[in-house]
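Residue strings, one per chain:
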Amino acid sequence: MHQPALDRAAWASRWRTRNVGDKALLSLGLLIVAVSAPVWPGGVAAGAMAVACALVWARVPVGIWARAVAAPTVFIAVGVLAVAISLDTSRSVDAVWRTGPIAITTPGLVRAAELVGRGFAGMTAVVLLAATTPMVDLLTGLRRLRIPDELIEVAALTYRMLFLFAATAGSLHRAQAARLGTTTLSGRFQTAGRVASRVFVLAWDRARRLEAGLAGRGYTGALRTVTPPRPHSMPFLIAATLLVTATAVLGWFPW
Amino acid sequence: MVTLGARGLRVGYDRGTVLDDLTVDLTGGTRWVVLGANGSGKTTLLSVLSGALRPTAGQVLRNGQPLSYRPRALAEHRRVVQMVLQDPDDQLFSADVAADISFGPLNLGLSPDDALARVDEACALLTLDHLRDRPVHQLSGGERKRVAIAGAVAMRPQVLLLDEPTAGLDPEGIDDMLGVLDRLEEQGTTVVMATHDVDLALAWSTRALVVGGGTARVGDTTEILSDTSVISAARLRRPWPLELTARLIDAGLLPADGQAPRTMADVVALLDDR
Ligand SMILES: Nc1ncnc2c1ncn2[C@@H]1O[C@H](COP(=O)(O)OP(=O)(O)OP(=O)(O)O)[C@@H](O)[C@H]1O
Ligand SMILES: [Mg+2]
């Protein structure tokens, strides 16, 4: 069944059984340094530290990590292009490169580089948490922060259902493809439409049946659950605090 | 011990009645099978007995008392009678195995610690400790089934209604499942299993309820499954140990008055005795 790489990595992570708060301290600490310290050296240091923590300390497989950061990297790159390029019809500023009214200037490049540094560093800090902590654990962690239970229940249920519907959509699509429903372009559109409408109906039916199934287990409107507590690890907390502090000191150090 | 029953039960969906004036008493054993062809009303009957589906006429009986559908009474019924649906995805709402199993115990009003103890107990009983750290969406159909059963078992019901617990399982999976049912029985749980596997029914159960054509027949499994009129009316077939001995008797290879065999071992023993 289809399962995103990041989700698979999170469930299989060496850090799976670590306390979510411990991991969040490390990840959010690096994130704060990444966005608030000067890009050089702070952002770069935070980014490097987040990458090292993910790949070396938590041993997230490199391929999965690369796939997880690929999409946000494209996003950052597109955003950076818009910052680097300026529209200059009067030809008044010194440009590194220009064609017609489109120019790339030195200040523009500096701003773009800053954006890349911050964006990438912040993103890797978040991926560190995401690649080591499954969504359900994150949601359980949010409960401690007094986020309303209803919100967390809906999010957790949505997370579970998404995989169910993705599996259903996948098998419906394969079944149609097996009967040659996707050999032509119009066939492909029709197949996609049929799969989408079928999944919608199934989702409806599933919700109805799940409600009946839960009623039998005593459901009265709240999806309350408990999971075994995950104790804090003192060595991990100390190591994480040291790393974040070191990065921050390095980041704000007047070189 | 809790006994279930039904009196004058009528249940139907929009297209007609499925069960009509059904009166049964699930007494005389703790290993029950509900047998019947596809669409005969096995699932419907279990749903009614579990309190999930309300009959249009008649009553469900628990210890001889008619079941009331007021929320309090229904909650009381569900403490004692739990049903596991055929499709585990109709029951598993959390991606986390332990969290999902803890749902029922918490609804019983247990404290989080007690609920976690029940989770451990159910996981041990169903031997699914190795699945606890995997997300539900990574589990196979058979593994999900075990988790769904654990969710019901964690509530320590006295009667467990299982809808086709062995469907889709491989031979080893079926043996494992029967092992689980044995352990449940040792703890005093009455297990009622809907199936159309007549061989399994003969080997495992002591009592059988056959649904078909709106009504039901109840009796000792061997007796019911030896009765060709019941079997053909319900569109089932004779289990192979009974079929084989019937033919061997016809061929004069076995005496006609022997004990009816239930398993391969029984058949071999019969032939050895000769
Ligand atoms: N929700 C429903 N709405 C309408 N008709 C239904 C519904 N559920 C079941 N039926 C009909 O009721 C009859 C009995 O269904 P039921 O599911 O109880 O059969 P079953 O014995 O469990 O069959 P199977 O062996 O296929 O699981 C069938 O004819 C079915 O089409
Ligand atoms: Mg059924």
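Residues numbered from 1 in each chain as written. Chains lettered and ligands numbered in written order. Predicted model: local features only at pLDDT ≥ 70, side-chain atom pairs only at ≥ 80, totals over all residues.

A. Highlighting the overall build of chain B. The helix and strand tally for chain B stands at eleven helices and ten strands. Dimensions of chain B, computed from the C-alpha atoms along their principal axes, are close to 65 × 45 × 35 Å. Going through the 274 residues of chain B one by one, you find that 46% of them count as buried. Look at the contacts in chain B between residues 6 or more apart in sequence, and 64% of them connect residues 24 or more apart. (Helix = DSSP H or I, 4+ residues; strand = E, 2+ residues; numbered from the N terminus. Buried ≥ 20, exposed ≤ 12 C-beta atoms within 10 Å, placed from the backbone. Contact = placed C-beta atoms within 7 Å.)

B. A look at the overall build of chain A. Scanning chain A from N- to C-terminus turns up nine helices and three strands. What you see in chain A, going N to C, is helices and strands ordered as α-α-α-α-β-β-β-α-α-α-α-α. Taking 2.2 N^0.38 as the reference for a compact globule, 255 residues should give roughly 18 Å; the C-alpha atoms of chain A span a radius of gyration of 24 Å, well beyond that estimate. For chain A, the C-alpha atoms occupy an extent of roughly 70 × 55 × 30 Å along the three principal directions. Per-residue burial over chain A gives 29% buried out of 255 residues. Pairs at least 24 apart in sequence give 74% of the contacts found in chain A among residues at least 6 apart. (Rg over C-alpha atoms; globule rule 2.2 N^0.38 Å.)

C. Just the UniProt feature "transmembrane region" (unreviewed entry) in chain A, in detail. All names here are of chain A. UniProt tags residues 25-58, 64-87, 108-131, 151-172 and 234-253 as "transmembrane region" (unreviewed entry). With 88% helix and 12% strand, the stretch residues 64-87 has end C-alpha atoms that lie 39 Å from each other. Note that residues 234-253 is 95% helix and 0% strand, and that its end C-alpha atoms are spaced 28 Å apart. (UniProt positions renumbered as here; feature names shortened; annotations may be inferred.)

D. Structural view of the interface of chain A and chain B. At the interface, 28 residues of chain A touch 33 residues of chain B. Those elements that provide at least two residues to the side of chain A that touches chain B are helix H7 (149-178) and helix H8 (185-215) of chain A. Here the residues of the side of chain A that touches chain B sort into 17 nonpolar, six polar and five charged. (Nonpolar A, V, L, I, M, F, W, Y, C, P; charged D, E, K, R; others polar.)

E. Representation of the domain arrangement of chain B within the structure. Residue and element names in this part refer to chain B. One can read the domain layout of chain B as domain 1 (4-94 + 157-237) and domain 2 (239-274). Look at where the C-alpha atoms of domain 1 and domain 2 centre, and you get two points 29 Å apart. Tallying the contact residues gives seven residues for domain 1 and seven residues for domain 2. It is helix H7 (residues 198-204) that contributes the most residues to the side of domain 1 that touches domain 2, four residues altogether. When its residues are assigned to classes, the side of domain 1 that touches domain 2 shows four nonpolar, two polar and one charged. (Domains from an automatic or database assignment.)

F. Examining the site of ligand 1 more closely. Residue and element names in this part refer to chain B. Of all residues adjacent to ligand 1, which total 13 residues, the nearest are Tyr13, Asn38, Lys42, Thr43 and Thr44. With three residues, the top contributor of residues to the shell around ligand 1 is helix H1 (residues 42-50). Split by residue class, the shell around ligand 1 holds two nonpolar, eight polar and three charged. (Near = placed C-beta within 6 Å.)

G. Here's a closer look at the domain arrangement of chain A. With domains assigned, chain A is organised as domain 1 (5-133 + 230-252) and domain 2 (141-215). Taken over C-alpha atoms, the centre of domain 1 of chain A sits 32 Å from the centre of domain 2 of chain A.

H. Geometry of the sheet that holds strand E3 (residues 31-35) of chain B. Residues and elements named next belong to chain B. Strands sit in the order E6-E7-E8-E3-E9-E10 across an open sheet of six strands; the sheet is mixed. Two strands close off the open sheet at either side, each with one partner strand: strand E6 (81-84) and strand E10 (215-220). The average undirected angle you get between the axes of adjacent strands in this sheet is 15°. Taken together, the five bridges between strand E7 (residues 159-163) and strand E8 (residues 190-195) define a ladder with parallel strand orientation. Among the inter-strand pairings, valine 159 is bridged to a residue of E8, identified as threonine 190. (Pairing = 2+ DSSP bridges. Axes fitted to C-alpha atoms, helices over the stretch in contact; angles between N-to-C directions.)

I. Examining the nonpolar core more closely. Counting 86 residues, the largest nonpolar core has Val34(B), Leu35(B), Val147(B), Ala150(B), Leu161(B) and Val192(B) as the members making the most contacts within it. The contacts of Ala150(B), once residues within four sequence positions are left out, are Ile101(B), Ala122(B), Cys123(B), Leu126(B) and Leu128(B). One finds Leu6(A), Ala10(A), Met49(A) and Met123(A) within the second-largest nonpolar core, a separate group that totals 33 residues. (Core = buried A, V, L, I, M, F, W, Y, C linked by C-beta atoms within 7 Å.)

J. Here's a closer look at the packing of helix H6 (residues 135-144) of chain A against H7(A). Residues and elements named next belong to chain A. Taken N-terminus to C-terminus, the directions of H6 and H7 make an angle of 180°; their axes are 10 Å apart at the nearest point. Relative to H7, the element H6 is oriented roughly antiparallel. Taking contact as the criterion, the partners of Met135, Val136, Leu139, Leu142 and Arg143 in H6 are, on H7, Asp149, Ile152, Ala155, Ala156 and Tyr159. Looking at the contact of H6 with H7, its residues break down into eight nonpolar, no polar and two charged. (Parallel < 35°, antiparallel > 145°, perpendicular 65-115°, else oblique.)

K. A look at the pairing of E3(B). All names here are of chain B. Across the five residues that make up E3, a large majority, four, are buried. Of the strand pairs in this sheet, E3 and E8 are connected by five bridges, and their pairing is parallel. Looking across to E8, one finds that tryptophan 32 is bridged to valine 192. In the sheet, E3 pairs with strand E9 (residues 207-212) via four bridges, with the strands oriented parallel.

L. A look at the pairing of strand E1 (residues 4-13) of chain B. All names here are of chain B. Two elements, E1 and strand E4 (residues 57-62), share five bridges in a ladder whose sense is antiparallel. Each bridged residue has a counterpart across the sheet, and for glycine 5 the counterpart in E4 is leucine 61. Taken together, the six bridges between E1 and strand E2 (residues 16-25) define a ladder with antiparallel strand orientation. Bridged to valine 11 within E2 is leucine 19.

M. Representation of the environment of Thr44(B) in the model. All names here are of chain B. Position of threonine 44 among the secondary structure elements: in helix H1. With 21 C-beta atoms counted inside 10 Å, the residue threonine 44 sits in the buried group. The spatial distance from the C-alpha of threonine 44 to the C-alpha of tyrosine 13 is 9.8 Å, given a sequence separation of 31 residues. Setting aside chain neighbours within four positions, we find threonine 44 in contact with Val11, Val18, Leu19 and Leu53.

N. Inspection of the sheet that holds strand E2 (residues 97-99) of chain A at higher detail. Residues and elements named next belong to chain A. Across the sheet, which stays open at both edges, the three strands sit in the order E1-E3-E2 with antiparallel pairing between neighbours. Because the sheet does not close on itself, it has two edges, and the strands there are strand E1 (85-87) and E2. Along the sheet, successive strands turn relative to each other by an average axial angle of 25°, direction set aside.

O. Focus on the environment of Met234(A). Turning to its location among the elements, Met234(A) is positioned in helix H9 (residues 234-252). Sequence separation between Met234(A) and Asp22(A) is 212 residues, and the spatial gap between their C-alpha atoms is 9.1 Å.

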